[in-house]
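# Structural overview
Below are the chains, spelled out letter by letter.
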Amino acid sequence: MKPREIKREIFSVGAIDWDRRLFDELIPLPDGTSYNSYLIVGSESTALIDSVDPPLCHVLEENLEAVGNPDIDYVVCLHAEQDHSGSIPRVLDLHPRAKVVTNPKCKGMLIDLLHIPEERFIEVGDRETLSLGGRTLEFIYTPWVHWPETMTAYLREEKILFSCDFFGSHLATSDAFVTDEATVYEAAKRYYAEIMMPFRKFIRKHLATLAKLDINLIAPSHGPAYDKPSFIMDAYRDWASDNVANEVVLPFTSMHGSTKAMVEHLTRALIERGVTVKRFDLARTDLGKLAIALVDAATIVLGAPTVLGGPHPLVVQAAYLAGALKPKAKFASVIGSYGWGGRTVETLSSLIANLNVELLEPVMVQGFPREADFASLEKLADEIAAKHQAL
Ligand code: FEO
């Protein structure tokens, strides 16, 4: 198949990874992904923006051959992570005159990760430009989306922003451009939740910088391109804002039904008070779904039975994930059951200690909950509803 020409003499030459189901051996990819790479032909030189994950390097090579195997002068590296950079050494082997164009931080990482020789690099600074002849790439540093070296490239004449992971979605699709906004919204939100969310403040700053550009097309390095850039930029503005939704995220597990009974009761009590509940049975859930729910929720309640003197390991994992992803939640609590003792609340609280949340009075119950325990859950629901209304 001939690679798609997304604009005249700009070809999408990357690879669609239809079957991949896990990233970093951690992140579920229910819809696969793509590693987008773009060939830009100028009147004087040709640039390749990013490469592909090494197992699919042959697809990049086939696509380059299909567009006539032009000499590549520049390989622009926007991000050192190997799903984009990993095939650069092969491209350099095939194009001995090509130089890697990147920022100094990324250069250092590429030398460490891929052992690319120092003399193959051209360093570019923030807002520096590279002319391809009739086409000008402007490099804009956008650190921490999601590594410290990440940057974007703006093709001035065509007003295309090449954004790498920023605005990307793990979505294997034959669409070059977004057609089904609902599907892309979900996939992009999942991607934001899993790797961008801890860097909300950087993202807000970068969105403000990029808002000053006239952008016709955002071409990320995962998922389809956005020919209506406001769709994804507005979504990012919302996700990265401090606005929280009247929602409780309730990840839990239960071994013998006591914690489950508490979760059921709290769920009903919250719904009665007009609070949306997003509940995740951790023995069965896709952690990506949990991450998505954490993007907006005002409150996190962890439902944990006590096992071996502490919280059930599945809830430990969820709490650790919440601590690492740094969602904008404002309140948190713990509910659960224990047999004879334990440090469940202390352990879980310590795992989310870095979140800027007010801890609401936990409800921990010995054995199966009694009337008084259900009353405590009603009180917790009252408190959550009142806190949400006061926001
Ligand atoms: Fe798609 Fe951070 O790599």
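Above this text sits the structure in question.
Residues numbered from 1 in each chain as written. Predicted model: local features only at pLDDT ≥ 70, side-chain atom pairs only at ≥ 80, totals over all residues. Heavy atoms only, no water.

### Description of the packing of aromatic side chains
What the rule picks out here adds up to twelve aromatic pairs. Between the aromatic rings of Tyr192 and Trp239, the centroid separation amounts to 5.4 Å while the plane-to-plane angle is 40°, which identifies the pairing as tilted. Here Tyr192, found in helix α5 (residues 181-196), pairs with Trp239, found in helix α7 (residues 229-240); they are 47 residues apart in sequence, far enough to count as distant. Residue Tyr192 shares its accessibility class with Trp239, and that shared class is buried. Aromatic rings pair up to connect Phe166, Phe167, Tyr185, Tyr192, Tyr226, Phe231, Tyr236 and Trp239 into one cluster. (Phe/Tyr/Trp six-rings, centres within 6.5 Å; stacked < 30°, edge-to-face > 60°. Helix = DSSP H or I, 4+ residues; strand = E, 2+ residues; numbered from the N terminus. Buried < 20%, exposed > 50% of the residue type's maximum accessible area, 1.4 Å probe, protein only.)

### Comments concerning the pairing of strand β22 (residues 331-338)
Counting buried residues in β22 gives seven out of eight residues, a clear majority hidden from the surface. In the sheet, strand β19 (residues 297-303) pairs with β22 via five bridges, with the strands oriented parallel. Bridge assignment links Gly303 to a residue of β22, and that residue is Ile335. Sheet topology places β22 next to strand β23 (residues 358-359); two bridges connect them, and they run parallel. Counterpart to Ala332 in the pairing with β23 is Leu359. (Pairing = 2+ DSSP bridges.)

### A few points about unusual backbone geometry
Geometrically, the link from Val145 to His146 is a cis peptide bond, its omega value of 15° lying close to zero. Looking at where His146 falls in the secondary structure, it is placed in the loop between β13 (136-141) and β14 (151-155). Positive phi outside glycine occurs at Asn69, with the angle close to 45°. Mapped onto the secondary structure, Asn69 falls in the loop between α1 (57-66) and β9 (74-76). Taking the relative accessible area as the measure of exposure, Asn69 reaches 42% and is therefore partly exposed.

### Observations regarding the sheet that holds strand β10 (residues 99-102)
Strands sit in the order β1-β2-β7-β8-β9-β10-β11 across an open sheet of seven strands; the sheet is mixed. A strand with exactly one partner marks an edge of an open sheet, and here the two such strands are β1 (4-7) and β11 (121-123). This sheet shows a mean twist of 25° between the axes of neighbouring strands, independent of strand direction. Examined bridge by bridge, β1 and strand β2 (residues 10-12) share three bridges and lie antiparallel to one another. Bridge pairing in β2 places Arg4 opposite Ser12. (Axes fitted to C-alpha atoms, helices over the stretch in contact; angles between N-to-C directions.)

### Thoughts on the packing of helix α8 (residues 258-272) against helix α12 (residues 371-389)
Between α8 and α12, the least distance of the axes is 9 Å, while the angle of their chain directions is 40°. Of the possible angle classes, the one that applies to α8 and α12 is oblique. Seen from above, α8 lies across α12 with right-handed handedness. Contacts between α8 and α12 involve Ala261, Met262, His265, Leu266, Ala269 and Leu270 from the first element and Phe374, Leu377, Glu378, Leu380, Ala381 and Ile384 from the second. (Parallel < 35°, antiparallel > 145°, perpendicular 65-115°, else oblique. Left-handed = near helix turned anticlockwise from the far one by under 90°. Contact = heavy atoms within 4.5 Å.)

### Some words on the pattern of salt bridges
Evaluation of the coordinates by the stated rule reveals 24 salt bridges. Where Arg127 meets Glu138, a salt bridge forms, and the shortest distance between an N and an O atom there is 2.7 Å. Of this pair, Arg127 sits in the loop between β11 and β12 (129-131) while Glu138 is found in strand β13, placing the two residues eleven residues apart along the sequence. Residue Arg204 pairs with Asp242 through a salt bridge whose shortest N-O separation is 3.3 Å. Residue Arg204 is found in helix α6 (residues 200-211), and its partner Asp242 is found in the loop between α7 and β17 (245-252); the two are separated by 38 residues along the sequence. (Salt bridge = Lys/Arg side-chain N within 4 Å of Asp/Glu carboxyl O.)

### Observations regarding the pairing of strand β7 (residues 38-41)
By the bridge criterion, three bridges tie β2 to β7 in an arrangement that is antiparallel. For Ile10, the partnering residue across the bridge sits in β7 and is Ile40. Hairpin geometry of β7 and strand β8 (residues 46-49) is characterised by an intervening segment of four residues between the two adjacent antiparallel strands.

In short, the description is geometric, and any link to function would need to be established separately.
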